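Results of the structural survey
Each chain is listed here by its residues.
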Amino acid sequence: MKFAGVKLDEPRIMGVINVSPESFYKGSVRNDEERLIETAVKMVEEGASFIDIGAKSTAPYLETQIPIEEEIRRAVWAIKAIRDHVDVPISIDTTSARVAEEALKAGADIINDVTGFKGDPGMAEVAKEYGAPAILCAHGEVRNLSDPVHTVMDFLQESLVIAEKHGIEDIAIDPAIGFLRPEWPPWYEWDSKVIANLEALKIFGRPILVGVSRKSFIGAITGRKDPAERLPGSLSATAVAVLKGAHIVRTHDVKETLDAVKVAAFIRRFSP
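What comes next concerns the included structure. (Residues numbered from 1 in each chain as written. Predicted model: local features only at pLDDT ≥ 70, side-chain atom pairs only at ≥ 80, totals over all residues. Heavy atoms only, no water.)

Here's the deal with the overall build of the protein chain
- Looking only at helices and strands, one finds nine helices and 10 strands in the protein chain.
- Seen through its principal axes, the protein chain has C-alpha atoms that stretch 45 × 40 × 35 Å.
- Each of the 272 residues in the protein chain was classed as buried or not, and the buried ones make up 56%.
- The average position of the 33 basic charges and that of the 41 acidic charges among the side chains of the protein chain differ by 4 Å. (Helix = DSSP H or I, 4+ residues; strand = E, 2+ residues; numbered from the N terminus. Buried < 20%, exposed > 50% of the residue type's maximum accessible area, 1.4 Å probe, protein only. Lys, Arg positive; Asp, Glu negative; His and termini not counted. Charge placed at Lys NZ, Arg CZ, Asp CG, Glu CD.)

Things to note about the pairing of strand β8 (residues 171-174)
- Burial along β8 is two-sided: the face carrying I171 and I173 and the face carrying A172 and D174 are both buried.
- Here four bridges tie strand β7 (residues 134-137) to β8, and the two strands are oriented parallel to one another. Opposite A134, over in β8, you have I171 as the bridge partner.
- In the classification by handedness, the crossover that spans β7, the intervening helix α5 (residues 148-165) and the parallel β8 is right-handed. (Pairing = 2+ DSSP bridges. Right-handed = clockwise from strand over helix to strand, strands pointing away.)

Quick word on the pattern of salt bridges
- Inspection of the entire model under this criterion finds 14 salt bridges.
- Here R250 ties to D93 by a salt bridge, and the two come within 3.1 Å at their closest N and O atoms. Linking R250 in strand β10 (residues 248-251) with D93 in strand β5 (residues 90-93), this pair joins segments that are 157 residues apart in sequence. Pair check on accessibility: R250 and D93 agree, each one buried.
- One salt bridge connects E199 with K244, and the closest N-O pair in it is separated by 3.9 Å. Placement of the pair is E199 in the loop between α6 (187-196) and β9 (209-211) and K244 in the loop between α8 (231-243) and β10, with a sequence separation of 45 residues.
- Overall, the relative accessible area of 34% leaves E199 in the partly exposed class.
- K244 sits in the partly exposed class, given a relative accessible area of 28%.
- Taken together, the shared-partner salt bridges connect D9, E10 and R12 into one network. (Salt bridge = Lys/Arg side-chain N within 4 Å of Asp/Glu carboxyl O.)

Digging into the side chain of S234
- Mapping S234 onto the fold places it in helix α8.
- Within the structure, the side chain of S234 is placed 2.7 Å from the backbone nitrogen of R214, a separation counted as a polar contact.
- When residues no more than four places from it in sequence are discounted, the contact partners of S234 are V212, S213, R214 and I218. (Polar contact = N/O pair within 3.5 Å; in protein donor to acceptor, adjacent residues only side chain to side chain. Contact = heavy atoms within 4.5 Å.)

Things to note about unusual backbone geometry
- At A4, a position not held by glycine, the phi torsion is positive, near 50°.
- Mapped onto the elements, A4 comes out in the loop between β1 (2-3) and β2 (6-7).
- Despite not being glycine, F117 has its phi angle at roughly 70°, a positive value.
- Along the chain, F117 turns up in the loop between β6 (110-113) and α4 (123-130).

Some remarks on helix α1 (residues 33-45)
- For α1, built from 13 residues, the straight-helix expectation of 18 Å at 1.5 Å per residue is met to within 8% by its first-to-last C-alpha distance of 18 Å.
- Turning to α1, its buried residues are L36, I37, T39, A40 and M43. When α1 is viewed along its axis, its buried side chains cluster within an angular range of 160° and face the same direction. In α1, those exposed residues whose orientation departs by more than 90 degrees from the buried face are E34, E38 and E45.
- Of the surrounding elements, those touching the buried residues of α1 are β3 (12-18), β4 (50-54), α2 (68-83) and α9 (254-268).
- Put simply, D32 is the residue that caps the front of α1, since its side-chain oxygen is 3.2 Å from the backbone nitrogen of E34.
- Just downstream of α1 lies G47, where phi reads positive at about 120°. (Expected span 1.5 Å × (residues − 1). Arc of directions from axis to C-beta.)

Focus on the nonpolar core
- The biggest cluster of nonpolar side chains holds 76 residues, and the ones touching the most others in it are I53, F117 and L201.
- In contact with L201, other than residues within four places in its own chain, are V152, M153, L156, I173, P175 and I208.
- Counting 10 residues, the second largest nonpolar core, distinct from the first, contains V6, M14, F50 and I248. (Core = buried A, V, L, I, M, F, W, Y, C linked by side-chain atoms within 4.5 Å.)

Description of a negative patch on the surface
- Taken together, the side chains of D32, E33, E34 and E38 present a region of like negative charge at the surface.
- Relative to the helices and strands, E33 is located in helix α1. (Patch = residues over 30% accessible without salt bridge, like charges linked within 9 Å, V, L, I, M, F, W, Y side chains within 5 Å. Areas by Shrake-Rupley, 256 points an atom, 1.4 Å probe, with all protein chains shown as cover.)

Thoughts on the sheet that holds β8
- Strands sit in the order β8-β7-β6-β5-β4-β3-β10-β9 across an open sheet of eight strands; the sheet is parallel. The sheet is open, and its two edges are formed by β8 and β9, each paired on a single side. With direction set aside, neighbouring strand axes in the sheet form an average angle of 25°.
- One ladder, built from four bridges, connects β4 with β5; its direction is parallel. Residue pairing across strands places I53 opposite I92, the latter belonging to β5.
- Against the sheet, α2 contacts β4 and β5, and its axis sits at roughly 170° relative to β5. (Axes fitted to C-alpha atoms, helices over the stretch in contact; angles between N-to-C directions.)

Any link to function would need more than the numbers given here.
This is the structure in C-alpha cells:
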C-alpha cells in the first residue's frame, strides 16, 4: 500500500506544523521563517514521512474564522519556506478550495480536507485538476448517536463516492478524532470507541490516517487541561491506534511518537 508515493509497509508519521496563532496547541505554532524551516527539517530527521501545514485552526470548539486571504498568505508563505528544505510530501490542512489550490501551486503535494470533500464544492475539482492525493476526514451531521463506528464509516463512504466521481484515487481516510461532537455520548467516549474499533475501516482498502496528538479527548480522560501536558496520553492513544491498524499517525511530536509507533507495530506482528 502507498499514499502520495510513500510506501506504507510500516506505520508512518506525519509531522504537524501550524502557522495559525489561534491553534489549540500553541507549541505547534511557528510564525518565524527560521524556526519554521528548522522545525520541518528536524521533523524529517526524526522520522516524519510527511509534513502537514495548517494555516487556520480547524478545532471545532474554537472560534477560528479568519479572512481567506490571510489563510492563503500564511499557507503559501509556509510551504514556500520549507519546500526546498524537506524531501517528503507536504500536505495542506484546509477546508477551502482556493487555499488548497494556492498551496499546491506553492509546492504542496497533498490536500488534507477535514470536511471530506463535503464543505467547499470546489475542493474535489482542485484535487482532480492538480492530480493531488487527498486525506478525507469523516464529516457530517451525527444522527445515530449509539454507533460511532458505523457513523464514521458512512461519512467516509460518502466522501469516497465524491472522490470516485472526480477520478481521485490516491486517498487516505481519517476517522475524525476530535471533530464529531454529538451531545451524547460525550465526545471522549465517541473518540475512544472509534479508536478501539479502527480495524473496521480496513473494509475500504485505503490507508488509515489518525490524528490524536494532544487532543481534548485525551485531556478529558487524563484531566490534563493544558495541551502541553498531553504528550503521554497522546502516545498511549497512538499505540492503540497502530495496534488497531493505523497506517499514518499525525502528530506534533515526531521523535516520541515514532518510538511509540515502532513498539506498537512490532507487538502487532505477534497478534492473532
